Amino acid sequence: NRRIVLASRPHGAPTEANFRLESQHVPTAGQGEVLLRTVWLSLDPYMRGRMSDAPSYVAPVGVNEVMGAGTVAIVEQSNNENFTPGDWVVSQSGWQDFAVSNGKDLFKLTGPVLKHPSWALGLLGMTGFTAYMGLLDIGTPQPGETVVVAAATGAVGSMVGQIAKLKGCYVVGIAGGEEKCRYAEQVLGFDRCLNHRAADLAEALKRYCRDGIDVYFESVGGKVFSAVLPLMNTKGRIPVCGLIADYNSTESSPGPDLLPQFQSAILRKRLRVEGFIITQDYGHRFGEFFSQMSQWVEQDRFVFREDCIDGLDNAPETFIGMLEGRNFGKVLIRVAGD
Ligand code: NDP
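Here the structure is a predicted model, which means the values were calculated and not measured.

## Some words on the site of the ligand
What surrounds the ligand is a group of 27 residues, the closest being G176, K180, H196, Y247 and N327. Here an oxygen atom of the ligand and a backbone polar atom of V156 are 2.8 Å apart. Taking N327, its side chain carries an N or O atom lying 2.6 Å from an oxygen atom of the ligand. Protein coverage of the free-state accessible area of the ligand, which is 900 Å², stands at 91%. Elements represented by at least two residues in the shell around the ligand include exactly helix 2 (126-139), helix 3 (155-166) and helix 10 (315-323). In terms of residue class, the shell around the ligand is built from 17 nonpolar, nine polar and one charged. Two domains each donate at least three residues to the shell around the ligand, and these are domain 1 (2-122 + 304-334) and domain 2 (127-279).

Pasting the structure below:
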């Protein structure tokens, strides 16, 4: 059983030295337990937070402990009456080949998702769920409104923009690089997409959002947020999903302190700014999301790009790259052939 543990806590951007690959015997399932073989491992930005011991909404990964992660796995061995060998499940096995579970944290895959099991981590899993709830429950987009979405071609962002289009909105994405922007406009169907690396981001955004911004789906923070804030309309909504520009920061960003301007905008424009943690705030609504999204998927309404890398040993490098924007779509590690 190969597993990747947290070797040390990063200071700033993580490096490969913060991880260690280990080999151990394959565990055995005890009474009431199942042995799982990981097929797909999901890599997500929140894992950067878990590597740090700063206070957060969940406990950090301990040094020398296996990195946690959502996975799609196959039941290899079962001493639990609810599972039989060969079943596909969503599990929390982490960055390793095999894991043992008592079954309580498993979600068995049935029906059409079995045609594409990795979707249970993306389109029909945590990623899609985050986009759906953040946009629809907090963003409440109305037909004709302007929705701006950060990290627009990423796993969550690409879904946010497509759902907003389905709801009849004018959608402007913000992404890193011309190729990603072309993809957002030509393949995902966004009305516009802007490169956050271009010098004139704030000016360009103003040109593309002539009627202001009604909903800003925040995943980034930093200079993207600075460009968006002055354009927010009265009664605008900002679901705060992530702040990836700051995840590797070791000190506050240089430049003017925007807090007074932000607070003043919240008051004058009566903005709704609401953070959310998908599993904690919306866990009870997964069924609602899953049935609506399954219907949309059946109707072929979505494009969902997966950025799949082979081999557990490539997880650290791939994870580090994702935090820098080297991914193009939902990042998955193919741990074992299915
Ligand atoms: P993505 O697939 O979007 O990958 C991360 C992307 O972030 C990169 O590809 C890069 O895209 C962008 N990025 C990184 N650094 C910067 C920067 N400095 N400025 C602008 N963009 C940057 O990941 P996910 O879709 O999985 O996650 C997106 C966001 O959603 C993250 O903030 C994550 O923490 C959050 N999230 C929150 C959840 C919740 O419950 N609140 C649940 C799931 C995700 P580009 O090349 O375009 O710059």
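## Points about the packing of helix 2 against helix 3
Where helix 2 contacts helix 3, the axes come no closer than 8 Å and their chain directions differ by 45°. The orientation of helix 2 relative to helix 3 falls into the category oblique. In the crossing of helix 2 with helix 3, the sense of the turn from one axis to the other is right-handed. In this structure, helix 2 uses T127, G128, T130, A131, Y132, L135 and L136 to contact helix 3, whose residues at the interface are A155, V156, M159, V160, I163 and A164.

## Looking at the side chain of S101
Inspection of the secondary structure puts S101 in strand 6 (residues 98-101). There is a polar contact of 2.8 Å between the side chain of S101 and the backbone nitrogen of G103. Within the structure, S101 has its side chain in polar contact with the side chain of D105 (distance 2.8 Å). Residues in contact with S101, not counting those within four places in the same chain, are G32, E33, V34, L36 and L106.

## Here we look at the environment of N327
Assignment of secondary structure puts N327 in the loop between helix 10 and strand 15 (330-334). Given a relative accessible area of 14%, N327 falls into the buried group. Distance from N327 to E306, taken between C-alpha atoms, is 9.3 Å for residues 21 residues apart in sequence. Excluding anything up to four places from it in sequence, N327 contacts K180, D307, G321 and M322.

Thresholds, definitions, all that
- Residues numbered from 1 in each chain as written.
- Predicted model: local features only at pLDDT ≥ 70, side-chain atom pairs only at ≥ 80, totals over all residues.
- Heavy atoms only, no water.
- Near = heavy atom within 4 Å.
- Polar contact = N/O pair within 3.5 Å; in protein donor to acceptor, adjacent residues only side chain to side chain.
- Areas by Shrake-Rupley, 256 points an atom, 1.4 Å probe, with all protein chains shown as cover.
- Helix = DSSP H or I, 4+ residues; strand = E, 2+ residues; numbered from the N terminus.
- Nonpolar A, V, L, I, M, F, W, Y, C, P; charged D, E, K, R; others polar.
- Domains from an automatic or database assignment.
- Axes fitted to C-alpha atoms, helices over the stretch in contact; angles between N-to-C directions.
- Parallel < 35°, antiparallel > 145°, perpendicular 65-115°, else oblique.
- Left-handed = near helix turned anticlockwise from the far one by under 90°.
- Contact = heavy atoms within 4.5 Å.
- Buried < 20%, exposed > 50% of the residue type's maximum accessible area, 1.4 Å probe, protein only.

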